[in-house]
Amino acid sequence: MQFCNELTAAVRTLHCCNILLALSVIWDMGDVFLGIVILPNLLALIILSPKVAEMSKSYFERKPWIENAELHRRLKEEHRLH
């Protein structure tokens, strides 16, 4: 119920903004707010990119998909025999 009240308040606020501001200004504000939301994600990508590169390199050096394929084949054979 509280969510509905908050949603109603948000819609009323947006309706008032639409009355007071031009549509282009509202779209510009939306772009600014979207940029603000994107900033923490962009910062995390920059900070974590060396770790992702390290983990990707480790993954491709270990080649776990080969072990998984062999395990899958063996389990499939065992299941077929039962």
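See the structure shown above.
Since we're looking at a predicted model, the values are computed, not measured.

**Digging into the overall build of the protein chain**
So, point 1. Within the protein chain one finds 3 helices and 0 strands.
So, point 2. Secondary structure of the protein chain in N-to-C order comes out as α-α-α.
So, point 3. The buried share of the protein chain, taken over its 82 residues, is 1%.
So, point 4. Just so you have it, the protein chain exposes about 7900 Å², and 69% of that area is on carbon and sulfur atoms.

**Details of a nonpolar patch on the surface**
So, point 1. Taken together, the side chains of Leu-20, Leu-21, Val-25, Met-29, Val-32, Phe-33 and Ile-36 make up a nonpolar region of the molecular surface, amounting to roughly 640 Å² of accessible area.
So, point 2. Among the elements that make up the nonpolar patch, the one with the highest residue count is helix α2 (residues 23-62) (5 residues).
So, point 3. Among the structural elements, Leu-20 can be located in helix α1 (residues 2-20).
So, point 4. Exposure remark for Leu-20: the relative accessible area of 70% places this residue in the exposed category.

**Thoughts on the packing of aromatic side chains**
So, point 1. For the coordinates displayed, the defined rule picks out 1 aromatic pair.
So, point 2. Here the aromatic rings of Tyr-59 and Phe-60 are separated by 5.2 Å at their centres, their planes lie at 80°, and the arrangement is edge-to-face.
So, point 3. For Phe-60, a relative accessible area of 51% translates into the label exposed.

**A few points about the pattern of salt bridges**
So, point 1. In this structure the tally under the stated criterion is 1 salt bridge.
So, point 2. The partner of Glu-54 in a salt bridge is Lys-51, and the shortest N-O contact between them spans 3.7 Å. A residue pair is termed a helical-turn pair when its members lie 3 or 4 positions apart in one helix, as Glu-54 and Lys-51 do in helix α2 at 3 residues.

**Looking at α2**
So, point 1. Look at α2: 55 Å from first C-alpha to last across 40 residues, which is about the 58 Å you get at 1.5 Å a residue.
So, point 2. A maximum bend of about 50° is found in α2 at Leu-48, where proline Pro-50 lies one to four positions downstream.
So, point 3. Positive backbone phi, at 50°, marks Lys-63, one or two positions downstream of α2.

Cut-offs applied
- Residues numbered from 1 in each chain as written.
- Predicted model: local features only at pLDDT ≥ 70, side-chain atom pairs only at ≥ 80, totals over all residues.
- Heavy atoms only, no water.
- Helix = DSSP H or I, 4+ residues; strand = E, 2+ residues; numbered from the N terminus.
- Buried < 20%, exposed > 50% of the residue type's maximum accessible area, 1.4 Å probe, protein only.
- Areas by Shrake-Rupley, 256 points an atom, 1.4 Å probe, with all protein chains shown as cover.
- Patch = residues over 30% accessible without salt bridge, like charges linked within 9 Å, V, L, I, M, F, W, Y side chains within 5 Å.
- Salt bridge = Lys/Arg side-chain N within 4 Å of Asp/Glu carboxyl O.
- Phe/Tyr/Trp six-rings, centres within 6.5 Å; stacked < 30°, edge-to-face > 60°.
- Expected span 1.5 Å × (residues − 1).
- Bend = angle between axes of the 7 residues up to and from the residue.

Purely geometric numbers; function is a separate question.
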